[in-house]
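Coordinates in review
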Amino acid sequence: MNKSAIKSQPSTQKGWGARRSTETTLSSRLMMRRIGRRLLGFAGGIWLLLTLGFLMMHLVPGDPVRAALGKGASEEMVRQQREALGLEDPLIVQYVRFISDAVRGEFGTSLFTGQKVTDAISEQFGASLQLALLSFVVVILIAIPLGVVSAALTKGGRRRHFELGFTTSTVVIATVPSFILAQVLVYVFAVQLQWLPIAGNDGWESLILPVISLSVAPAAILARIVRVEVLAVLGEDFIRTARAKRMPGMWIYLREALPNAMTATLTIAGLMLAGLIAGTVLVESVFSWPGMGTSMVTSIRQKDYPMVQGMIIVYGLGVMITNVVVDIVLSAIDPRTALRRQESGK
Amino acid sequence: MKSSKNTWSAVFTRPVGIVGLVLVFALVVIAVIGPFVWGEAATATNTGNINAPDSGEYLFGTDSLGRDIFARVMVATRLSLVLALVATLIGLVIGLVIGSARILFGPIGGRIADVIINVTNAFPSLLMILFFAAVFGVSTIGAVMALALSTAPTFARLTWTLTASVEKLEYVDAAKVSGVSRPKILMRHVLPNVAEALILNATLSAGTALLAFGGLSFLGIGIQPPEFDFGRLLNEGFSQFYVNPVAVLGPAAAVVLAGLGFNLLGEAIAHSVSQRGEGAAAPKRPAKRSAEVTRLLQAKRKDADVLVVEDLKVSFGARGASVTPVRGVDIRLGAGQRVGIVGESGSGKSLTALAIADLIEAPGRVDVARREFSGHELDQMPAAERDTLLGKSLSVVFQNPMTSFNPIRRIGPQLGDGIRRHMGASKEEAHRRAVRRLEEVGIKQAEERLQKYPFEFSGGMQQRAMIAMGTMGRPRLIIADEPTTALDVTTQSRVLRLLKDLSERENAALLLISHDIAVIGKITDRVLVMYAGKVIEDLPSEDLAAKSVHPYTRALLSALPDLDTDRDQPLTVIPGRAPAPAEIGKGCPFAPRCDFATDKCREQEPELLPAGPVHTAACWHPVSANQATLPPSRASLLPMIDNEEMIK
C-alpha cells in the first residue's frame, strides 16, 4: 500500500469516458470476430432454409403438378407444366438451379396467376412487416412495464392474491387466439360501434385492430416472463448492494434489475417477433389485410408450390434476421455474453 | 418424486386447477356424448331457416344450410379434442425419440439430433405448420401431421435437457455396461424421471394444439367438409359474421374454453411443482413504537455514539407462527471504534448486521426499541432524509464480492452511484474520487480498472473495490459481513488490514461480522459473542484469551488451531450444534452443549451481567479467568490486535 503514490496523483482525466478508446478497440475486435462468426452461421442457415424450401415440393406425395392442376387436367397439360418447372431434369440439376435462382431472388412464377413470385411477395411484404413490427413494439411497451410493476408488487411473497390474479389472467389472455380476438374486436369496434374500419388497409385506423389482436396474447406471456425474471434478479446480491448504497427504488428496478432481466426477456421476445411474423397469416385473413399471409393461405389451398416456396423462405428469412438482431442487442446489454461465446467458440 | 402425490392433490385443491379440471372434464364428456345427443340436429338441414340469429331454439343460430350451430359445436368437440390429442401424442413420441437420441442412437445420432432441435426450435410453430400443410396437402391427416411435427421440437428440447442430467446417473451407466438394450434403458430408467415434466408440457401442448387446429381449419387448410371441428365452424361462421356474429362467437367461445381448460390445468400443475418444498409464510409489517417511548428514549441519547441499537429483534413468518433468529441485541459503537460480532452460522450475527444497515426485506421483520445513527433516530426520520444520511455515511461490505457487483455495469459507475446520488457529486468528481479510492485499496491502473466489468476482476480485487466503494462518501460506520470468507488466505489478511487502516484514517467505526474469532481478534477493539440470536458475552478483544468467562467463548477459543496443533488429530470442535431459531425454548440455549450446565441453566435463560469493568456475560456459571483452560501457546497468539506481523 503505497500511500505517497496515492496522494501525489491528482487525477487529470476528465471522466468515465476518458479511457474508452483503448477499451473500444479491444471490444470492437472481439465484436468483429463475433459478427464474422454470426455471418457464417447466417449463411449456413440460409442454405438450410433454401434446401428445405426446395425439398418441400419434392416431399409432396405423388406428383405436385398433378395435385396442383387437379384431376381434370389432361396428361399433356401436366407434362407441359412439369417441363416448365424443370421437374423432368435430374434432382441435382434442379437443386443447383433452384439455389442459384434463389440467391438471385428468383423463385419462379405462380402456377395460377403467372406472376413472378418475387414480384408478388415484394408487393405484399411491406404490409405484413408493418403489422408484425408494430405489434412487436406494442408487446414490448405493454409487457415490460407490466412485468416490472407486478414484480415490484409481489416481491418477497407479498400480495398473494394479486399474484394469483396476475398469473391466472395472463394464462387466460394468452389462451385467446389472435384470430378469435380479432373477430371479437371487429364485432365490437367495427360492426357495433363503427369506430374503426372492418377490414383492409386504409390509413392508420385500420392498423389498430389487427395490431391489438396480434399483440395481446404475446404481451400477456411476456409480462409473466418479465415478472419472474425481475423477481429472480431482485434476489441477487448486487441488488442488496444497491440498496446498501441507498439508491432509490426506481433506480434499483430500472437501472439495476431490469437490464439484468433483459437477457431472458429479449431471447423470448425475439422468438415472439418471429412468431408474430408468422402470426400475421391468421390475422391478415380476418382483416383481408393485403399482406403475404392472405396470399400464403390462398397459395397453400391452391397448391401453388412456387408461391408457397418463395413465401416460406421469406418468412424464414425474417425469423433468422430477428434472431441475429436479438443476439447483437443481447451482447450489447450484457458484455459477458460476448465473452462467453468467444471462449466457447475456441 | 417422493412428494408427487402431494403435487397432484395440490393441483386439485387450487381454484385454478379446479377450473381447469372442470373444463377438461366437461370437454371430455361432451366429446363422448356429443355425437349421440346432437348428431342428428347437427347435420339436419333446414332450408326454411338459414342463417337464423340466436334464439331459444337455436342457441347460436343456424348456418347457411339451416343447421343448428350449437349442436354442431357440441358434435365438433369430439373431432377437435381427438385431433389435438392425437397430434400432441405423435409430437410427443417424435420429440421423445429425437430428444433421447444420445441414448437411443449413440453420440453421432445425438449430435445430429442436437442440430435438428436447435434449428427447428428457432422457427415459430405456425410457420412449420404452414410448411407441412403445404407438403401434406389440405386434409385431416395433413393437418394432424403438420401439427404433430410442429410440436415435436418443444418435446425434443425438453427431453434433451431432462435426459442430460439423467443419463449421467450411475445406474444408467451400469445398465449400459450390463448390456441392457438402449430402448429398454430409455423405458426403464430415463422415462420415469422425465415423465412429470413431459406430462406438464403435454397438457399445455394439447391446449395449444386445440387452438392451432382452430386456426388451421379457420384458414380453410385444416379439416375439410363434410367433417367439421371448431375451426371449421369458425370458418363457416366467418362468412356470415356481419349478419350473425353469434355463429362465430359460439364456436370461438368453445375453442377458447377448451384451450383454457388445458392451459389452466397445466398452470396449476406447474405451480404446484414449483411450490414443492417451499414453506411459504406470509410476512407482516413491523409494529410501530409509541411516540412517547420514542421521546423518552431520545432524551437519554448520547451524541458521541455513531450507532446505538437497543433490543433489536429480527423475525420471519406470520405472527404466531414466526421464528425469531435475532432475539434482542444491544449494540453501541463510538466514533472510530471497531467492534466484532462472532458466532457460528445461525447465531443471528449476519441478520443483526443487515438489520442495522436497514437491509432486512419482507418476509423478514425488524423490531427495535431504538435505532440511532450519528445522533439521528432512524425510525423517526423521513425516508428520503434517512437514505441520504445512510447513503453518505454508512457503508456495507458484503460476503460475496463476486455476486455483489452488478455484472453488467462497469465498476466505475457502480462506485460513483452513491456520492452522485447522495452528495450531488458530478460525473467527473465521482470519477476522480473513484480513482483515488481504488488506488488507496491497492488496485493499480485504477483509471483503466474503472472501465472494466466485475467479471474482469479477481475475487480479492472485487472485494477491495467493494471496500473502495464503501469509502466513496464520508463513512461514519462500515459494516463488513464476513468480508474475507470467499477469499484465499493471503488476500484475507490484506483485506482485513485494509479495513482496519480505513477505519483509523477516516475515523469510521467498523462492525466486523465473522464466524472466525481469530479474524475478529486481529483488528477489533471489542468483541460481541453471539449465540442463538443473543449477545452472550461482550468484552475487549485484548481480554479474549485471558478474561473471557462464557463457556461458549472459551470453547470457540480452544477450537482455534495454532502452530502447536497436532495436524494429525482432528480439530477440536464444540460438540453438538447450535439450535435453530424455532428450537429455542426456555433456559440457556447453550446448556445442551455446555459442560457446566445445571438445572438452573435448563430452566432460566441468563441475562447479560457485568463480569468485569468493561465486560459482560450471560451465564449462570461463568468460567473463572483460569488460564489452565487455554494452553499458554494459544494464549500468546491472542490478542492479536498488536500482532501486526500476522496481518502483513
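Parameters and conventions
Residues numbered from 1 in each chain as written. Chains lettered and ligands numbered in written order. Predicted model: local features only at pLDDT ≥ 70, side-chain atom pairs only at ≥ 80, totals over all residues. Heavy atoms only, no water. Helix = DSSP H or I, 4+ residues; strand = E, 2+ residues; numbered from the N terminus. Contact = heavy atoms within 4.5 Å. Areas by Shrake-Rupley, 256 points an atom, 1.4 Å probe, with all protein chains shown as cover. Buried < 20%, exposed > 50% of the residue type's maximum accessible area, 1.4 Å probe, protein only. Axes fitted to C-alpha atoms, helices over the stretch in contact; angles between N-to-C directions. Parallel < 35°, antiparallel > 145°, perpendicular 65-115°, else oblique. Nonpolar A, V, L, I, M, F, W, Y, C, P; charged D, E, K, R; others polar. Salt bridge = Lys/Arg side-chain N within 4 Å of Asp/Glu carboxyl O. Patch = residues over 30% accessible without salt bridge, like charges linked within 9 Å, V, L, I, M, F, W, Y side chains within 5 Å. Polar contact = N/O pair within 3.5 Å; in protein donor to acceptor, adjacent residues only side chain to side chain. Phe/Tyr/Trp six-rings, centres within 6.5 Å; stacked < 30°, edge-to-face > 60°. Expected span 1.5 Å × (residues − 1). Bend = angle between axes of the 7 residues up to and from the residue. Left-handed = near helix turned anticlockwise from the far one by under 90°. pLDDT = per-residue confidence, 0-100. Pairing = 2+ DSSP bridges.

**Overview of the overall build of chain B**
Scanning chain B for helices and strands turns up 25 helices and 13 strands. Summarising the internal contacts of chain B: among those between residues at least 6 apart in sequence, 68% fall at separations of at least 24. Summed over all atoms, the accessible surface of chain B reaches about 27,600 Å², with 59% contributed by carbon and sulfur.

**Things to note about the overall build of chain A**
A tally of regular secondary structure across chain A gives 14 helices and zero strands. Among the 346 residues that make up chain A, the fraction classed as buried is 46%. Here the analysis covers contacts within chain A between residues at least 6 apart in sequence; of these, 71% occur between residues at least 24 apart. Element-wise, carbon and sulfur atoms account for 65% of the exposed surface of chain A, whose accessible area totals about 16,400 Å².

**Description of the packing of helix α4 (residues 101-122) of chain B against helix α8 (residues 182-218) of chain B**
All names here are of chain B. Contact geometry of α4 with α8 gives a least axis separation of 8 Å together with a crossing angle of 135°. Relative to α8, the element α4 is oriented oblique. Contacts from R102, I103, L104 and G106 of α4 reach α8 at R182, P183, I185, L186 and V190. Grouping the constituent residues of the contact of α4 with α8 by class yields six nonpolar, one polar and two charged.

**A few points about the interface of chain A and chain B**
The interface is formed by 82 residues belonging to chain A together with 93 residues belonging to chain B. Remark: the boundary between chain A and chain B carries five salt bridges. Among the salt bridges present, the one from K155 of chain A reaches E361 of chain B, with a minimum N-O distance of 2.8 Å. At the level of secondary structure, the elements contributing two or more residues to the side of chain A that touches chain B comprise α2 (20-59), α7 (160-175), α8 (178-192), α10 (237-244), α11 (249-287), α12 (292-302), α13 (305-333) and α14 (335-345) of chain A. Here the element with the most residues in the side of chain A that touches chain B is α11 of chain A; it accounts for 14 residues.

**Brief notes about a nonpolar patch on the surface**
Nonpolar side chains collect at one region of the surface, where F25, V28, V29, V32, I33, F36 and V37 of chain B lie side by side and expose about 660 Å² of accessible area between them. With respect to the element layout, V29 of chain B can be found in helix α2 (residues 15-43).

**Side note on the side chain of H422 of chain B**
One can find H422 of chain B in helix α15 (residues 411-422). Exposure remark for H422 of chain B: the relative accessible area of 9% places this residue in the buried category. A distance of 3.0 Å separates a polar side-chain atom of H422 of chain B from the backbone oxygen of R246 of chain A. Excluding its chain neighbours within four sequence positions, the residues that come into contact with H422 of chain B are K245, R246 and M247 of chain A together with D387, T388, G391 and K392 of chain B.

**Notes on the packing of aromatic side chains**
Going through the model one piece at a time under the given rule, you end up with 13 aromatic pairs over all chains. Ring centres 5.3 Å apart and planes at 85° place the aromatic pair F131 of chain B and F132 of chain B in the edge-to-face group. Each of the two residues, F131 of chain B as well as F132 of chain B, counts as buried. Members of the aromatic cluster, connected to one another through ring pairs, are F54, Y95 and F98 of chain A.

**Description of the environment of F228 of chain B**
Residue and element names in this part refer to chain B. Among the structural elements, F228 can be located in the loop between α8 and α9 (230-239). When the C-alpha atoms of F228 and A76 are compared, they prove to be 6.0 Å apart, with 152 residues separating the residues in sequence. Setting aside its immediate chain neighbours within four residues, F228 contacts A42, R72, V75, A76, L79, I223 and L233.

**Topic: the environment of T485 of chain B**
Residues and elements named next belong to chain B. Summarising the element assignment, T485 is placed in the loop between β8 (477-481) and α19 (489-506). For T485, a relative accessible area of 35% corresponds to the partly exposed category. Each C-alpha atom of the pair T485 and F398 lies 9.9 Å from the other, and the pair is 87 residues apart in sequence. Here T485 is in contact with Q399 and H515, once residues within four sequence places are set aside.

**Side note on helix α6 (residues 117-154) of chain A**
Residues and elements named next belong to chain A. The first and last C-alpha atoms of α6 sit 52 Å apart over 38 residues, in line with the 56 Å expected at 1.5 Å per residue. At F125, α6 shows its maximal kink, close to 35°. G156 sits one or two residues past α6 and shows a positive phi near 65°.

**As for the packing of α7 of chain A against helix α9 (residues 205-234) of chain A**
Residues and elements named next belong to chain A. Relative to each other, α7 and α9 sit at 145°, their axes nearing to 8 Å. By crossing handedness, the relation of α7 to α9 is classed as left-handed. On the side of α7, the interface is formed by E163, F166, T167, T170, V171, I173 and A174, while α9 contributes V216, A217, A220, I221, A223, R224 and R227.

**Re the confidence of the model for chain A**
All names here are of chain A. Mean pLDDT over chain A stands at 80; residues scoring 70 or higher make up 88%. Between the elements of chain A, mean pLDDT differs from a low of 39, seen in helix α1 (residues 3-7), to a high of 90, seen in α6. Ignoring residues within four places in sequence, the model shows residues 1-24, a span with pLDDT below 50, making 35 contacts including any to other chains.

**Side note on the pattern of salt bridges**
Residues and elements named next belong to chain B. Applying the stated criterion across every chain yields a total of 39 salt bridges over all chains. Measuring nitrogen to oxygen at the nearest pair gives 3.1 Å for the salt bridge that ties R593 to E344. Within this pair, whereas R593 is found in the loop between α22 (551-558) and α23 (599-603), its partner E344 is found in the loop between β3 (338-342) and α12 (349-356), the two being separated by 249 residues in sequence. Salt bridges sharing partners connect three or more residues here, namely D305, E310, R332, R370 and E372.

**So, the confidence of the model for chain B**
Residues and elements named next belong to chain B. For chain B, mean pLDDT is 79; residues scoring 70 or higher make up 86% of the total. Between residues 277-303, whose pLDDT stays under 50, and residues either more than four places distant or in other chains, the model counts 41 contacts. Confidence estimates for the predicted assembly give a pTM of 0.77 and an ipTM of 0.77.

**Observations regarding the pairing of strand β12 (residues 609-612) of chain B**
Residues and elements named next belong to chain B. Here β12 pairs with strand β13 (residues 615-617) via three bridges, running antiparallel. Directly across from G612, in β13, lies its bridge partner H615. The antiparallel hairpin formed by β12 and β13 contains two residues in its connecting segment.

**Digging into the sheet that holds β13 of chain B**
All names here are of chain B. If you walk across this open sheet you meet the eight strands as β7-β8-β9-β3-β10-β11-β13-β12, and the pairing is mixed. The open sheet has two edge strands with one neighbour each: β7 (394-397) and β12. Shown here is a sheet whose adjacent strand axes are inclined to one another by a mean of 25°, direction ignored. Of the strand pairs in this sheet, β3 and strand β10 (residues 526-531) are connected by four bridges, and their pairing is parallel. When the bridges of β10 are listed, V342 appears paired with V529. Helix α13 (residues 383-393) contacts β7 and β8 of the sheet and is inclined by roughly 60° relative to β7.

**Some thoughts on unusual backbone geometry**
In this structure, S288 of chain A takes a positive phi of about 45° despite not being glycine. In this structure, S288 of chain A sits in the loop between α11 and α12. Phi is positive for Q445 of chain B, which is not a glycine, with a value near 50°. Considering the arrangement of structural elements, one finds Q445 of chain B in the loop between α16 (427-440) and α17 (446-449). On the basis of relative accessibility, which here comes to 58%, the residue Q445 of chain B falls in the exposed class.

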